[in-house]
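Spelled out, the chains give:
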Amino acid sequence: MEIPVLYYLYLSIIIFTIGLVGIFLNRKNLIVLLMSIELILLSANINFVSFSYFYQNIIGQIFVFFTLSVSAAEAAVGLAIIVIFFRKKDSIHVDDINVLKG
């Protein structure tokens, strides 16, 4: 039994919506913002994989591998910045970022 592509698109829409809601409702915590951006990127990757499978073309899946490697690097750099910011200010609120201006 094969799962239709429409179900993957529904899943992608739900994950994208959760990411957007996370960005708009919680603008104070940097970790939640980073996780919401990762959810949005994950929904785009689900679209790439589902359409790649539907059209029997491997290009979308190869693109997802590159995208996942870039998002892993982005998450590592983002978390490193958050850790440095937490050591400096003892908080991870977005409102306190302006003290890092040089």
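The coordinates are above.
Cut-offs used in this document
Throughout, a residue's number is its position along its own chain's written sequence, starting from 1. The predicted nature of this model means local features are confined to residues of pLDDT at least 70 and side-chain atom pairs, given and counted, to a pLDDT of 80 or more, with totals for whole chains, interfaces and linings taken over all residues. Side-chain calculation: all heavy atoms of the structure are included, whereas hydrogens and water are not. Note on terminology: a nonpolar core comprises buried Ala, Val, Leu, Ile, Met, Phe, Trp, Tyr and Cys residues joined through side-chain atoms within 4.5 Å. For every residue, the accessible area obtained with a 1.4 Å probe (protein chains only) is divided by the maximum for its type, and the residue is called buried under 20%, exposed over 50%, and partly exposed between those limits. Numbered from the N terminus, helices here are DSSP runs of H or I no shorter than four residues, and strands are runs of E no shorter than two. In what follows, residue pairs with any heavy atoms lying within 4.5 Å of each other are defined as contacts. What counts as a ring pair is set by centres within 6.5 Å for rings of Phe, Tyr and Trp (its six-membered ring), and what kind of pair is set by the plane angle: stacked under 30 degrees, edge-to-face over 60, tilted for all other angles. Each helix should span, by expectation, one fewer than its residue count multiplied by 1.5 Å. N or O atoms within 3.5 Å of each other form a polar contact, as long as, within protein, one can give a hydrogen and the other can take it, and as long as residues adjacent in sequence are counted only when both atoms are side-chain atoms.

J.: Go over the nonpolar core, please, and point to the residues and values.
T.: Ranked by size, the top nonpolar core spans six residues in total: Leu30, Leu33, Leu34, Ile82, Phe85 and Ile92. Those elements that provide at least two residues to this core are α2 (30-54) and α3 (59-89). A total of three residues in this core trace back to one element, the largest contributor, which is α2. With sequence-adjacent residues up to four places away left out, Ile92 is seen in contact with Lys28, Asn29, Leu30, Ile31, Ile82, Phe85 and Phe86.

J.: How would you summarise the side chain of Ser43 if you had to cite specific residues and measurements?
T.: Checked against the element boundaries, Ser43 lands in helix α2. With residues near it in sequence (within four places) discarded, Ser43 still touches Ser12, Ile15 and Phe16.

J.: Which residues make up the packing of aromatic side chains, and what are the values?
T.: Evaluation of the coordinates by the stated rule reveals three aromatic pairs. A ring pair is formed by Phe48 and Phe63, whose centres lie 4.9 Å apart and whose planes are at 75°; its orientation type is edge-to-face. Taken as a pair, Phe48 in helix α2 and Phe63 in helix α3 lie far apart in primary sequence, 15 residues in all. On the basis of relative accessibility, which here comes to 35%, the residue Phe48 falls in the partly exposed class. Exposure remark for Phe63: the relative accessible area of 42% places this residue in the partly exposed category. Here the aromatic rings of Phe51 and Tyr55 are separated by 6.4 Å at their centres, their planes lie at 20°, and the arrangement is stacked. Taking relative accessible area as the criterion, Phe51 reaches 35% and is therefore assigned partly exposed. Classification of Tyr55 as exposed rests on a relative accessible area of 57%.

J.: Before we move on, could you go through the environment of Gly22 and cite the residues and values that matter?
T.: Along the chain, the position of Gly22 falls in helix α1 (residues 5-25). Here the alpha-carbon distance between Gly22 and Val32, two residues ten residues apart in the chain, equals 7.0 Å. Among all residues touching Gly22, those that are not within four sequence positions of it are Val32 and Ser36.

J.: Got a sec to walk through α2? Specific residues and values, please.
T.: Its 25 residues give α2 an end-to-end C-alpha distance of 36 Å, which sits within 8% of 36 Å, the value for a rise of 1.5 Å per residue. Listed in full, the buried residues belonging to α2 are Leu30, Leu33, Leu34, Ser36, Ser43, Asn45, Ile46, Ser50 and Ser52. Buried residues belonging to α2 abut α1 and α3. Structurally, the start of α2 carries an N-cap: the backbone nitrogen of Ile31 is 3.2 Å from a side-chain oxygen of Asn29. Among the residues trailing α2, Gln56 stands out with phi positive, at a value near 55°.

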